[in-house]
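In case you want the letters, here they are:
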Amino acid sequence: MTQHPKGNRAHVLLTSVFKPFAQDDEFGSRAINPAELYQNQVTREQGPFSLRMFHRSWGLMFLQQNITAPCTLLDFPTRERFIREITRHDYDIVGISGIIVNVGKVREMCRLVREHSPHSTIVVGGHVTAIPGIEHLIDADHIVKGEGVAWLREFLGEEVDRPIVHPAIPSSFGFRLMGLPSPRGGGSPAATIIPSVGCPMGCSFCTTSSFFGGKGKVVNFFDRGADLFEVMCDAERKLGVSAFFMMDENFLLYKKRALELLDLMKDRAKAWKLYVFSSANALRKYDIRQLVELGVEWVWLGLESPKASYAKLEGTDTLSLTRELQSHGISVLGSTIIGLEHHTPDNIDEEIAHAVAHDTAFHQFMLYTPMPGTPLYQEVKAEGRLLDGVDLADIHGQYKFNFQHPAISRDQSKTFLDRAFQTDYEQNGPSLYRLMRTMLEGVKRYGHDPDPRVKQRLADAATQLRTGYGAALWAMEKYLRESNQAASEKIRALRLQIERDLGGMSKYVNNLVGPVLLWTSRREMRRFPEGRPMEPRTFVERSNWA
């Protein structure tokens, strides 16, 4: 690689693509594809009970934290704010990160840099770089695929192999629920910790695995539990949190590291909560007691399909596994694919019913989608089944197929995807209710645990259920009484159980605050029946800046 002439004296701008997102525009934004994880692909059919929040551009934060050059991080700017930044400051390097659906915005930002700051070197990274022929679609000097810290350090003439410094990352911002904004993660703030990138399982459809090297490949930032523990202590100190979202595609796969972390948590009396991703085969390496002591309260689990042959599901009864986890207070976010090769209009309802039967706290449904850069994309392309004329902005797994399926048409794919979300909501009720149900299971089982860390963690959960969560149950119960009586009755039973078992002022809080939440929920649906359009706020952060 040719080093930048100024080395680490070069002024660097790192930026995400510009907003707005939740609207249809000429640059590839789509109203159907907002920049929100839950509203987009998990709770989107749950009306006012959908979890609304945003997440920072974590990769850019990592890059800024791990170079010594003067650097500005511009996260979620408007187009106008981006232009102002590159005209008011003299940047030697402009780094732009985007995903595949935002290629139009990346293209426009490259054009704007050439127009307003022609001397700047343009570097483009992120999943957008997986698009075949990307070098012909955008005007960039460097296109960086995969993990970018090492590349940027080398380009700036810095020490490539020095230890990674983890930034303090609040897990979410802009939280909103039941028609009301809520600060600090809805009352349960967390930090995001990124132990590694990539996934060695290498499922053929997985963009993350493919982007970071494919099957068997992973980039570990922290190999030891001790290193991870120090990063978490730093986030605890800086952000005032005791909960951590472990943004690692298969955190529990590395059992030695996880158990080293557990030993340190015990030694330092850390009653931390962990939200993790895991494959089913990795979960089976632990006994439930280890997971409870580790503080695992939430796990994202790929369920895919009962007939799927992915290695991560081999030999696993996912229904039993889900029931066991949730009976111990560990909420499951199940993930199911709609439109696998064996799916047909005749068997799709059976597949959806199997997914819904897991009754997970949350459930993501995604279309089977050959994304550029994945083995699945190469396979479908070689078979001549990629559909012509599908805009890259519409290839995100929440709209329609971008390939010729053996039995399901492109229009049918969206119908079946919508049906999956609706069936899950109608049969199992709001995810917020299911989350509280699982929390109560944990309180009942471990509220008097001999491990003081576990006992403290569940005491905190009991306080949440006793002092406000029950009011949300009161509102959900009344809201659904006419439209979904079965769900309303289940919610009522949980509310009464919390009032009876946890006592305190819970009944009075529920009856006082519940009607307010019912009113705000109804108002939200009247005003925004398709969901309130939301955009993330802009962040401007400067480091090593004279």
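A few points on the structure. (Residues numbered from 1 in each chain as written. Predicted model: local features only at pLDDT ≥ 70, side-chain atom pairs only at ≥ 80, totals over all residues. Heavy atoms only, no water.)

Their axes nearest at 10 Å, the elements helix α13 (residues 348-356) and helix α15 (residues 410-428) cross at an angle of 40°. Put simply, α13 runs oblique to α15. Relative to α15, α13 is oriented so that their crossing is right-handed. In this structure, α13 contributes I348, D349, I352 and V356 to the contact, and α15 contributes F416, R419, A420, T423, D424, Q427 and N428. Of the residues assigned to the contact of α13 with α15, the class counts are 5 nonpolar, 3 polar and 3 charged. (Axes fitted to C-alpha atoms, helices over the stretch in contact; angles between N-to-C directions. Helix = DSSP H or I, 4+ residues; strand = E, 2+ residues; numbered from the N terminus. Parallel < 35°, antiparallel > 145°, perpendicular 65-115°, else oblique. Left-handed = near helix turned anticlockwise from the far one by under 90°. Contact = heavy atoms within 4.5 Å. Nonpolar A, V, L, I, M, F, W, Y, C, P; charged D, E, K, R; others polar.)

Structurally, F21 is set in the loop between β1 (12-16) and α1 (37-41). Along the backbone, F21 and G504 are 483 residues apart, and their C-alpha atoms lie at a distance of 44 Å. Beyond its immediate stretch of four places on either side in the chain, F21 contacts S29, R30, N33, A35, F76, N102, K105, E535 and P536.

Take the environment of L340 next. With respect to the secondary-structure elements, L340 resides in the loop between β16 (331-338) and α13. In this structure the C-alpha to C-alpha distance between L340 and L367, which are 27 residues apart in sequence, comes to 8.1 Å.

A few words on the pairing of strand β15 (residues 296-304). Along any regular strand, the residues point their side chains to alternate faces of the sheet. Among the 9 residues in β15, 9 count as buried, and that is most of the element. Pairing of strand β14 (residues 273-278) with β15 involves 5 bridges; the strand directions are parallel. Along β15, the bridge assignment pairs V276 with V299. Relative to β16, β15 runs parallel, the two being bridged by 6 bridges. Across the sheet, residue W300 finds its bridge partner in β16, namely L333. (Buried < 20%, exposed > 50% of the residue type's maximum accessible area, 1.4 Å probe, protein only. Pairing = 2+ DSSP bridges.)

With respect to the helices, strands and loops of the structure, N428 is situated in helix α15. Those residues in contact with N428, other than ones at most four positions away along the chain, are V356, D359, Y433, R434 and K490.

As enumerated under the stated definition, the model contains 4 cavities of 30 Å³ or more in all. Along the wall of the largest cavity there are 15 residues; nearest its centre are E304, S305, P306, T336 and E351. Put simply, the parts of the chain that give the lining of the largest cavity at least two residues each are β15, β16 and α13. At 5 residues, α13 tops the list of elements feeding residues into the lining of the largest cavity. Of the residues in the lining of the largest cavity, the class split is 7 nonpolar, 6 polar and 2 charged. Its volume calculated, the second largest cavity comes out at about 50 Å³. What lines the second largest cavity is V292, V296, E297, H328, G329, I330, G442, Y446, R457 and L458. (1 Å grid on protein atoms, 1.4 Å probe; cavity = no way out; pocket = protein on both sides within 12 Å on 5 of 7 lines; lining within 4 Å. Points joined across faces, edges and corners; volume = space filled by probe spheres on them.)

This brings us to the packing of aromatic side chains. For the structure shown, the criterion picks out 23 aromatic pairs. Taking 6.4 Å as the distance between ring centres and 80° as the angle between the ring planes, the aromatic pair formed by F277 and W298 counts as edge-to-face. A residue pair is termed long-range when its members are at least 10 positions apart, and F277 in strand β14 and W298 in strand β15 qualify at 21 residues. With respect to burial, F277 and W298 carry one shared label: buried. Between the aromatic rings of F277 and W300, the centroid separation amounts to 5.1 Å while the plane-to-plane angle is 15°, which identifies the pairing as stacked. Placement of F277 in strand β14 and of W300 in strand β15 is noted, with a sequence separation of 23 residues between them. One exposure class covers both F277 and W300, and it is buried. Members of the aromatic cluster, connected to one another through ring pairs, are W58, F245, Y275, F277, W298 and W300. The ring of W545 carries R542 above its face, with NZ or CZ at 5.2 Å from the centroid. (Phe/Tyr/Trp six-rings, centres within 6.5 Å; stacked < 30°, edge-to-face > 60°. Lys NZ or Arg CZ within 6 Å of the ring centre and 35° of its normal.)

Turning next to the sheet that holds strand β2 (residues 52-54). The antiparallel open sheet is built from 3 strands, whose spatial order is β2-β8-β9. The open sheet has two edge strands with one neighbour each: β2 and β9 (180-181). Bridge analysis of β2 against strand β8 (residues 173-177) gives 2 bridges, and the strand direction is antiparallel. Paired with F54 across the bridge in β8 is F173.

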